Amino acid sequence: RRAAVGMCDGGGDGCGGSSGSGCVGTGSGGGASSSAVYPARLATHPSAAEYALPARTEHVKAPFGGRASAAAAAALGDVPESYVADLVAFGAVYLCENGATGKLRKLRKDVEVAQGDVMRVHVHPRRFPAARRDDWAQRVVRPAVGAPPAGIVVVDKPSGVPCGPATLDNAVETAAMQLTRALGGSADGAFVAGSADDAGDGCEAFATLEPVGRLDVCTSGLLVLAADAASARAGNDRLVAGGVDKRYACRVVLSEGHERPPQLGLLEHWVLTGWQGGKTRVLPDVRSADDAQRLGIAGAKRCALEVLSVSPARGAPPRRFDIELRLLTGRTHQIRAQMAAAGAPLLGDAVYARATAEAIAAAERSGGDAEVRALYPSGRAPDAIALRCASLAWEGVRYEAPPTREWDDLEGAADEGAKRARTVPRSC
């Protein structure tokens, strides 16, 4: 009954995304085995063991026509059909349209498939338990100044939760989905995995609210979501045009050899984004586009932020500073990479903690890319770092959500971030 066809390594969307290329390398026969014993249902609240499961992503051919869950379960051989049905509702199953070379489409319902159809099943979807811990309706933030704009809702996102509306393999444990449910919204094409009392999720598979801008999973603070496509477009256009004053609060730990935090004013670097699994790499020898061209570095981008205030962190160990800053550009992991390069990595950020500008430059001189890559722990994704979007303002409206004591849990670790980091196939 097994028709499993290979196992992906889970390191991102290597076999195509929801609108990416087809299921390359699939075929009949073979298959990856698993020693796990699967329950009948996907747990709503995963245990520590379930939370720590390594990625398992399978491409399977339907051995017969029928429900996707039944066909995929038969092909997998070791996973109950009811568990696969919950994976469908969870947003963890894709169907290859037009055969193995077609585009991947995330299933919205437990649809009928034909014999020979190829599916991608994320058997161990990445879980975000923090999404279940809060009353999301209570996390909605009203403007400190001005009236709430039409079609927009702002939420105080906790650390450990993706923005949404869906991740690669999880369309439920996201800020967009949880807030949609809390505010009584419904999802187009909703599919219910089970009753609310069941072990399955028992909620709509896809959110209707659309994030405007993004926060990393490990970052907390103000997140803007739009209730309709027009509001989302307007919000994104505003961001691109620089029409949003976006301020962050963070706590940094001075790196060895650095005795002063970043000074007030402009902090500027040139970087490569999307590097080594989505990280951002500062380029110490690049000061302009001309430098990048002269050095033969393609894709270099300018990063800029303004440091507004710096003060010793009250009640914290030495060498900690609380910083307020304003983003002037919007690169991936920009604050994390720039603060680390300046010798002041964010508390809890094991990914960038060692990536000072001096360390990167020394690694480039001594060993090239291999030495630079060694500065960034592979696949480590902290659940929380000391970074918070604390203020948003545009067109006479201002939202505020200053830090609370949320960073206290990050203090006291022998190696900043190590106690809150876990090995996963994707960085946060």
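Each chain has its residues counted from 1, running along the sequence as written. Restriction of local features to residues with pLDDT of at least 70 applies here, the model being predicted, together with a cutoff of 80 or more for giving and counting side-chain atom pairs; totals for whole chains, interfaces and linings are based on all residues. The basis for the side-chain values is all heavy atoms of the structure; hydrogens and waters are excluded.

1. Quick notes on the overall build of the protein chain
We count a stretch as a helix when DSSP gives it H or I for four or more residues in a row; a strand needs E for two or more, and each element gets its number in order from the N terminus. Looking only at helices and strands, the protein chain features nine helices and 20 strands. To sort residues, take the accessible area from a 1.4 Å probe on protein chains only and compare it with the maximum for the residue type: under 20% means buried, over 50% means exposed, and anything in between is partly exposed. A buried classification covers 54% of the 428 residues belonging to the protein chain. Sequence separation of 24 or more characterises 72% of the internal contacts of the protein chain that already satisfy a separation of 6 or more. Using a 1.4 Å probe, accessible areas were evaluated by the Shrake-Rupley method; residue-level cover was limited to the displayed protein chains. With the model as given, the accessible surface of the protein chain reaches about 18,400 Å², and the carbon-plus-sulfur share is 49%. Here, residues are in contact when the closest pair of their heavy atoms is within 4.5 Å.

2. Re the nonpolar core
By nonpolar core is meant a set of buried Ala, Val, Leu, Ile, Met, Phe, Trp, Tyr and Cys residues that side-chain atoms within 4.5 Å join together. Counting residues in hydrophobic clusters, the biggest one holds 48 residues, and the most contacted among them are I335 and M339. The leading source of residues in this core is strand 11 (residues 220–226), at five residues. Excluding residues within four positions of it along the chain, I335 makes contact with Y248, L305, L325, L327, L346 and L387.

3. A few points about helix 5 (residues 229–240)
Helix span, expected: 1.5 Å multiplied by one less than the number of residues in the helix. Taking 1.5 Å of rise per residue, the twelve residues of helix 5 would be expected to cover 16 Å, and the 16 Å separating its terminal C-alpha atoms lies within 8% of that figure. Those residues of helix 5 that sit buried are S231, A232, G235 and R238. On an axial view of helix 5, the arc spanned by its buried residues comes to 130°, and they lie on one face. Residues R233, D237 and V240 are exposed on helix 5 and point more than 90 degrees away from its buried face. Polar contacts here mean pairs of N or O atoms no more than 3.5 Å apart (in protein, one a potential hydrogen donor and the other a potential acceptor; neighbouring residues in sequence count only if both atoms are side-chain atoms). For helix 5, the N-terminal cap is D228; the gap from its side-chain oxygen to the backbone nitrogen of A230 is 3.2 Å. Note: the arc covers the axis-to-C-beta directions of the helix.

4. Brief notes about the packing of aromatic side chains
Two rings from Phe, Tyr or Trp (for Trp, the six-membered ring) form a pair when their centres sit within 6.5 Å of each other. Planes less than 30 degrees apart are called stacked, planes more than 60 degrees apart edge-to-face, and all others tilted. A full pass over the atoms with the stated rule returns four aromatic pairs. A ring pair is formed by W275 and Y376, whose centres lie 5.0 Å apart and whose planes are at 70°; its orientation type is edge-to-face. Taken as a pair, W275 in strand 13 (residues 265–275) and Y376 in the loop between helix 9 (369–373) and strand 17 (380–382) lie far apart in primary sequence, 101 residues in all. Relative accessible area serves as the criterion here: at 13%, W275 is assigned to the buried category. Its relative accessible area of 3% is what places Y376 among the buried residues. Between W394 and Y399, the aromatic rings sit 5.8 Å apart at their centres with planes inclined by 25°, giving stacked as the arrangement. Y399 shares its class with W394; the two are buried. An aromatic cluster of at least three residues, connected via ring pairs, comprises W275, Y352 and Y376. Over the ring of Y94 we find R120; its NZ or CZ atom is 4.4 Å from the centre of that ring. Only when the NZ of Lys or the CZ of Arg is both within 6 Å of the ring centre and within 35 degrees of the ring normal is a charge said to sit over the ring.

5. Here we look at helix 8 (residues 357–366)
Each α-helix winds once per 3.6 residues, and so residues spaced three or four apart point in a common direction. Among the residues making up helix 8, those that are buried are A357, I360, A361 and A363. End-on, the buried residues of helix 8 take up no more than an arc of 160°, which puts them together on one face. The outward face of helix 8, more than 90 degrees from its buried face, is lined by the exposed residues R365 and S366. Residues of helix 8 that are buried in the fold lie against strand 14 (279–282), helix 7 (334–341) and helix 9. Positive phi shows up at G368, right after helix 8, with a value of about 75°.

6. With respect to the pairing of strand 16 (residues 320–327)
Most of strand 16 is tucked away: six of the eight residues are buried. Two strands pair if DSSP finds at least two bridges between them. As defined by bridge partners, strand 12 (residues 245–253) adjoins strand 16 across seven bridges and the pair is classed as antiparallel. Paired with V252 across the strands is F321, a residue of strand 16.

7. Focus on the pattern of salt bridges
Salt bridge, as used here: a side-chain nitrogen of Lys or Arg that lies within 4 Å of a carboxyl oxygen of Asp or Glu. Applying the stated criterion across every chain, the model contains 26 salt bridges. In this structure, R139 and D134 form a salt bridge, with 3.3 Å as the shortest nitrogen-oxygen distance. Classification of R139 as buried rests on a relative accessible area of 18%. The class for D134 is partly exposed, based on a relative accessible area of 32%. For E306, the salt bridge is made with R326, and the minimal N-O distance between the two is 2.7 Å. Of this pair, E306 sits in strand 15 (residues 301–312) while R326 sits in strand 16, placing them 20 residues apart in sequence. The class for E306 is partly exposed, based on a relative accessible area of 25%. Among the charged side chains, a network of salt bridges with common partners joins D134, R139, D156, R388 and E406.

8. Some words on unusual backbone geometry
Between G164 and the following residue, P165, the backbone shows a cis peptide bond with an omega angle of 10°. By the element assignment, P165 lies in the loop between strand 9 (152–157) and helix 4 (175–182). Phi is positive for Q276, which is not a glycine, with a value near 45°. Accessibility expressed as a relative area gives 24% for Q276, which makes it partly exposed.

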